[in-house]
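Structure assessment
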Amino acid sequence: MSNYIWLIPILPLAGFVINGLGRNKLPKNLIGLLASLMVLIPFVLSAMLFLSVKNSGQPITITYFEWIKAGNLSIPFSFLVDQLSSIMLLIITGVGFLIHVYSIGYMHNDEGFGKFFAYLNLFIFFMLLLVLGSNYIILFIGWEGVGLCSYLLIGFWFTNPNYADAAKKAFIMNRIGDLGFLIAIFVIIATFGSASFSDVFLKAATLKISSPVLTLITVLLFIGATGKSAQIPLFTWLPDAMAGPTPVSALIHAATMVTAGIYMIVRSNVLFTLAPFTQHLIAGVGLATILLSAIIAIAQTDIKKVLAYSTVSQLGYMFLGLGVGAYTGAFFHVITHAFFKALLFLCAGSVIHAVSGEQDMRNMGGLRKKLPVTFWTMLIGAIAISGIPPFSGFFSKDEILAHVYEQSKTMYVLGLLGAMFTAFYMFRLIFLTFFGKFRGTSEQEHHLHESPLLMTVPLIALAILSMIGGLIGLPEVLGGHHWLEHYLSPLFASTIAQIPPVHAEKTTELVLMCASVGGALLAIIWAFSKYGKGGNLPVAEGEDRTLINTIAYHKFYIDELYDLVIRKPLDAASKFFYKIVDLKIIDGFVNGLGKISIESSKGLRLLQTGNVGFYIFVMVIGIIAMMAYSLFRI
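Residues numbered from 1 in each chain as written. Predicted model: local features only at pLDDT ≥ 70, side-chain atom pairs only at ≥ 80, totals over all residues. Heavy atoms only, no water.

**Description of helix H14 (residues 303-323)**
Basically, it comes down to this: Numbering of helices and strands runs from the N terminus, with a helix taken as a DSSP run of H or I at least four residues long and a strand as a DSSP run of E at least two residues long. Given a helix with a known number of residues, its expected span is that number minus one, times 1.5 Å. Burial classification: accessible surface area is computed with a 1.4 Å probe over protein chains only, and a residue below 20% of its type maximum counts as buried, one above 50% as exposed, and the rest as partly exposed. Two N or O atoms count as a polar contact when they lie within 3.5 Å, although within protein this holds only if one can serve as hydrogen donor and the other as acceptor, and sequence-adjacent residues are included solely when both atoms are side-chain atoms.
Taking 1.5 Å as the rise per residue, H14 with 21 residues should run 30 Å; its terminal C-alpha atoms sit 30 Å apart, in good agreement. Summarising burial for H14: 21 of the 21 residues are buried, a large majority. Between a side-chain oxygen at the N-terminus of H14 and the backbone nitrogen of Lys304 the separation is 2.9 Å; the capping residue is Asp302. A positive backbone phi angle near 85° is found at Gly325, which sits one or two residues after H14.

**Thoughts on helix H2 (residues 28-56)**
Taking 1.5 Å per residue as the helical rise, H2 with its 29 residues ought to reach 42 Å, and the 42 Å between its terminal C-alpha atoms agrees with that figure. Positive backbone phi, at 75°, marks Gly57, one or two positions downstream of H2.

**Description of the nonpolar core**
The condition is simple: By nonpolar core we mean a set of buried residues, namely Ala, Val, Leu, Ile, Met, Phe, Trp, Tyr and Cys, connected to one another through side-chain atoms within 4.5 Å.
Among the nonpolar cores identified, the biggest contains 188 residues, and Trp237, Leu271 and Met378 are the most heavily contacted of them. With 19 residues, helix H15 (residues 327-354) is the single largest residue contributor to this core. With 15 residues, the next largest nonpolar core counts Leu287, Tyr317, Val324 and Leu416 among its residues.

**Some thoughts on the packing of helix H11 (residues 260-267) against H14**
So the rule is basically this: Orientation is described by lines fitted to C-alpha atoms, with helices fitted over the stretch in contact, and by angles between N-to-C directions that extend from 0 to 180 degrees. Our angle categories are set so that under 35 degrees counts as roughly parallel, over 145 as roughly antiparallel, 65 to 115 as roughly perpendicular, and the remainder as oblique. Residue contacts follow a heavy-atom distance rule, with two residues in contact if any of their heavy atoms lie within 4.5 Å.
Viewed as axis vectors pointing N to C, H11 and H14 meet at an angle of 10°, and their least axial separation amounts to 11 Å. If you check the angle between H11 and H14, you find them roughly parallel. Within the contact between the two elements, H11 uses Ile262, Ile265 and Val266 and H14 uses Leu315, Met318, Phe319 and Leu322.

**Notes on the pairing of strand S1 (residues 60-70)**
For a regular strand, side chains alternate in direction, first toward one face of the sheet and then toward the other. What counts is decided by this rule: One bridge is not enough; two strands pair if DSSP finds at least two bridges between them.
Pairing analysis gives nine bridges linking S1 to strand S2 (residues 73-81), with the strands arranged antiparallel. Considered in S2, the bridge of Thr61 is made with Leu80. Where S1 folds back onto S2 in an antiparallel hairpin, the turn is made up of two residues, including Gly71, whose phi is positive at roughly 65°.

**Structural notes on a nonpolar patch on the surface**
Convention followed: Residues enter a patch when their relative accessible area is above 30% and they make no salt bridge; the linking distance is 9 Å between like charges and 5 Å between nonpolar side chains (Val, Leu, Ile, Met, Phe, Trp, Tyr). Using the Shrake-Rupley algorithm and a 1.4 Å probe, accessible areas are obtained, with residue cover drawn only from the displayed protein chains. Salt bridge criterion: a side-chain nitrogen from Lys or Arg within 4 Å of a carboxyl oxygen from Asp or Glu.
Where nonpolar side chains cluster on the molecular surface, the patch consists of Val612, Ile616, Phe617, Val618, Met619, Val620, Ile621, Ile623, Ile624 and Met627 and spans about 950 Å² of accessible area. Assignment of secondary structure puts Met619 in helix H26 (residues 612-633).

**Structural notes on the side chain of Arg267**
Counting through the fold element by element, Arg267 comes out in helix H11. A relative accessible area of 3% means that Arg267 is categorised as buried. Polar contacts involving the side chain of Arg267 include one to the side chain of Asp82, which spans 2.5 Å.

**Description of the packing of aromatic side chains**
What counts here: We call Phe, Tyr and Trp rings a pair once their centres come within 6.5 Å, taking the six-membered ring for Trp, and we label the pair stacked below 30 degrees between planes, edge-to-face above 60, and tilted otherwise.
In total, this model carries 34 aromatic pairs according to the counting rule given. When the ring of Phe197 is compared with that of Phe201, the centres are 5.8 Å apart and the planes differ by 5°; the resulting orientation is stacked. Taken together, the positions of Phe197 and Phe201, both in helix H7 (residues 197-204) and four residues apart, correspond to about one turn of that helix. Since its relative accessible area comes to 3%, Phe197 is described here as buried. Phe201 gets classed as buried once you look at its relative accessible area, which sits at 15%.

**What to know about the pattern of salt bridges**
For side chains of opposite charge, pairing can occur when their charged atoms come near one another. Taken as a whole and judged by the stated rule, the model has 11 salt bridges. Where Arg175 meets Glu144, a salt bridge forms, and the shortest distance between an N and an O atom there is 3.5 Å. Of this pair, Arg175 sits in helix H6 (residues 161-192) while Glu144 is found in helix H5 (residues 136-154), placing the two residues 31 residues apart along the sequence. Looking at Glu144, the relative accessible area reads 24%, which means it is partly exposed. The salt bridge involving Arg362 is made with Asp360; its shortest N-O contact spans 2.8 Å. Overall, Asp360 belongs to the buried group, its relative accessible area being 17%. Sharing partners across several salt bridges, the network here consists of Glu144, Arg175, Asp178 and Lys228.

**A few points about unusual backbone geometry**
Geometrically, the link from Ile232 to Pro233 is a cis peptide bond, its omega value of 5° lying close to zero. Structurally, the position occupied by Pro233 is in the loop between helix H8 (212-228) and helix H9 (237-240). Between Pro389 and the following residue, Pro390, the backbone shows a cis peptide bond with an omega angle of 5°. With respect to the helices and strands, the residue Pro390 is situated in the loop between helix H16 (372-386) and helix H17 (392-407).

**So, the environment of Ile31**
Its place among the elements puts Ile31 in helix H2. Note on Ile31: relative accessible area 1%, which makes it buried. Each residue touching Ile31, except ones within four places of it in the same chain, is listed here: Asn19, Gly22, Arg23, Leu26, Phe113, Gly114 and Phe117.

**Here we look at the environment of Ala552**
For Ala552, the position within the fold is in helix H24 (residues 547-553). According to the relative accessible area criterion, Ala552 is buried, its value standing at 3%. Sequence separation of Ala552 and Pro372 is 180 residues, and the distance between their C-alpha atoms is 32 Å.

**Details of the packing of H14 against H15**
This is how the line gets drawn: Each residue gets one label: Ala, Val, Leu, Ile, Met, Phe, Trp, Tyr, Cys and Pro are nonpolar, Asp, Glu, Lys and Arg are charged, and the others, such as Gly, are polar.
One can describe the packing of H14 onto H15 by two numbers: an axis separation of 9 Å at closest approach and a directional angle of 175°. Overall, the two elements H14 and H15 adopt an arrangement that is roughly antiparallel. Of the residues in H15, those touching H14 at Ile303, Lys304, Leu307, Ala308, Ser310, Thr311, Gln314, Tyr317, Met318, Gly321 and Leu322 are Tyr327, Ala330, His333, Val334, His337, Lys341, Leu344, Phe345, Ala348 and Ile352. A per-class count over the contact of H14 with H15 returns 13 nonpolar, six polar and two charged.

That is the geometry; function is a separate question.
Structure, rendered in structure tokens:
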């Protein structure tokens, strides 16, 4: 089986090449079928690899060739399939395949159909390369590749200037984080003499806790993760990424790009365990991101923006888990989040498809009877993300909060508050979109319809996964054996050797579960009282808002703050260097030399009279001057 690992990333790359070259010639049905098969076949291969790793318990490392050789440094081009990457392969290809199938129906009338599927395949290729790499260099290539693909897909409808700006914003903000990651790789190579995970982690385990070099490396890695996984301060690109087609949002938020930062930290868990300062930093940033983005989500009226800030908040929970050492819990939430967030975004796309492109929830309502499949599947996704048992989100989020409780009661309370916010804004979305009377135009109402099977079948599949996906991490207190924790245990052997895990008592764990579920139910009841039974609507544009609502609706003016503190000073500095330093000083000096040459030549050219007698006279004067100079020197 290991001989076919290379096919997993190569097939999506082949799909990109074929659909890219034939985008204007091949039939749309063939393009969609080919692109989907180029993800489905890798999913089958990934499932076989997963079973192989599960049964043997041993990772598979395949070296294809020596890629970089410089002195004692040797970096092979090799793939690693272990417990972590085998699950990531299933998520990327499995959820990615469902998104591809959905996209056939969603994008069928788009002129750029072939180009879109070529980009989707390329996105999958780079994400697979990222998780398959056995060293930081290959990981970084995949890391940069998904950044490129996000730019291409977010700006897919680039003729709209706002969409093009959103793509550039995502690209630039990710480059800021990527610089931190790149410097971290340089420091890793300089410190350990290798970029391979096995070598780096083995040597790192011999260093002391809080070693300055480990702190430096992990902080730089975390900077990279904040960009790719949209955490404070590099999170504002992700909500704007909604400019792309809705399947792109599902792909970025669920199966690919934003999970890269979490994957990288989980993969490097021993480094972060030995750097407690960085772990505290990660937990603090994660918690702040949870609350900030959840508050913003409560005030949004664009259905995709609500889900976008929801993603930022849920990523915050993953980082909070990483910060308190709950690596399994954080990765567990990556898995469940992939299911319910892909489901929620695709459901949002189904809603938008039904209401002729409308995204403002104030112009929706009463859609549950017209879109029954979309309604029920989106309701399942909302229940899952809200943390209601036995749906998947409950188990993963509760595991993170239980670990947080053992570390800090204050952080636990704030994390629980964020979970209540999550339940509130998700059911606010459900009530505004599917309940009450339809508030759109009569033309929109006339065209209301359920999405075709190509779109609803993936919704049903993801809804089932959102319902049962949490069973892989069923805790012992509920009669389970937490299969995921045992399966991933070899990955965290060095971490456990350094700091043994601390588990809450069964009674405490049950109380925490009840508190989490109780808080979520209270928030849902609150949302129902306001937007369900109460029938309230968000404030219309131009009407007065409360101070808190205004701040949250305008996203705490963070983009404006960045504009004031970063963009405008840079623009002012650029204008100064252009107008003063460049034009007046540098150009002035260069042009001044030219002017001196021109003006002096105007006088000297008068000596060129063409009169031979004058030239002899000047020559004699010159000889006399030279003789006089020689005489005075004597």
